[in-house]
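Structural characterization, general
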Amino acid sequence: MRRSAAAAFAVFAALAGLGALLREKPELLAPDARDVEDVVLLHGLGRTDRAMRPLEHALVGAGYRVHNLAYPSLAEEPAQLVSIISEQIDACCAHAEKLHLVTHSLGGLLARAALAQHPRANLGRVVMLAPPNNGSAYADLARGARRTGLALAPAVAALGTDPLGLARKLPTPNYEVGVIAGTRSINPLDPLLGAGASDGAVSVASTRLQGMADFVTVDATHSSIRRKPEVHAQVIAFLRSGHFEHTAAPLRAGVAR
């Protein structure tokens with residue numbers, strides 16, 4: 001019994017040592033393991049990493065190594081959220097051969113801020129789902145309601161359309177960005193805001209970003225855009241080619257080229 005326990009401990013210690021060595025020297029990995037591209041997922045306001053799991057599963061099925069990050073979107077100021085996200089990316093992907101980012105909503109602004117502060121030599125492509133790149137009129141409305149005593153998350157200020165909001169202060173990206181916007185809204189406030197086509201939280205016009213490599217719209221709400229197989233397929237297509245599939249036929253994640 002003592003010999004079995006000692007042998008088990010020796011195996012465990014050897015595996016732990018190997019893991020530490022590979023973290024320090026990723027070049028020792030087998031070539032096929034090194035060639036796998038990494039993808040970081042960033043959820044939106046008021047969500048957790050669970051919100052991105054359908055997309056995570058699609059990307060893993062497509063052969064990517066996925067890091068589905070979580071951050072306290074309701075508790076911290078944008079600057080602190082950017083710091084938290086940057087530290088997590090450093091921890092998971094500092095030695096990645098190629099690193100892509102896929103974001104939803106607020107996650108897109110935080111990714112832009114993080115990449116502006118900490119440029120990454122191994123950065124590949126970035127896909128943003130429903131990003132308020134030019135701010136959200138719905139966030140402006142929510143901030144107005146705060147004057148009546150409504151408590152809001154600190155990050156809501158980052159989503160406004162005013163010049164002091166995070167959305168307006170970020171620099172134009174110098175990397176490949178693809179934007180996917182939703183066009184289905186069930187928000188009864190749409191007519192009051194006059195924002196045009198929207199997903200119920202962000203207008204299509206607001207998602208657009210100067211210098212973006214490609215842009216596509218899908219029939220989805222702000223929440224459902226994360227779960228649609230068509231969107232998963234478009235994400236995979238952009239990560240692989242730098243372009244979306246502009247076709248009338250529905251796409252599936254398993255057939256994206």
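Residues numbered from 1 in each chain as written. Predicted model: local features only at pLDDT ≥ 70, side-chain atom pairs only at ≥ 80, totals over all residues. Heavy atoms only, no water.

Considerations on the pattern of salt bridges
Under the criterion given, the structure shown has 5 salt bridges. With its nearest N and O atoms 3.7 Å apart, the salt bridge here joins R53 to D49. Look at R53 and you get partly exposed, because its relative accessible area is 36%. (Salt bridge = Lys/Arg side-chain N within 4 Å of Asp/Glu carboxyl O. Buried < 20%, exposed > 50% of the residue type's maximum accessible area, 1.4 Å probe, protein only.)

Some points on helix α4 (residues 78-93)
Over its 16 residues, α4 runs 22 Å from end to end, which matches the ideal 22 Å to within 8%, given 1.5 Å per residue. Along α4, the residues that are buried comprise P78, L81, V82, I84, I85, S86, I89 and C93. Buried residues belonging to α4 abut β1 (38-42), β2 (65-69), β3 (99-104), α5 (106-117) and α7 (166-169). (Helix = DSSP H or I, 4+ residues; strand = E, 2+ residues; numbered from the N terminus. Expected span 1.5 Å × (residues − 1). Contact = heavy atoms within 4.5 Å.)

Let's talk about unusual backbone geometry
Of note in this structure, S105 is not a glycine but carries a positive phi near 55°. By relative accessible area, which is 8% here, S105 ends up buried. Positive phi, close to 50°, is recorded for A130, a residue that is not glycine. Of note, A130 is situated in the loop between β4 (123-129) and α6 (137-146). We classify A130 as buried; its relative accessible area is 0%.

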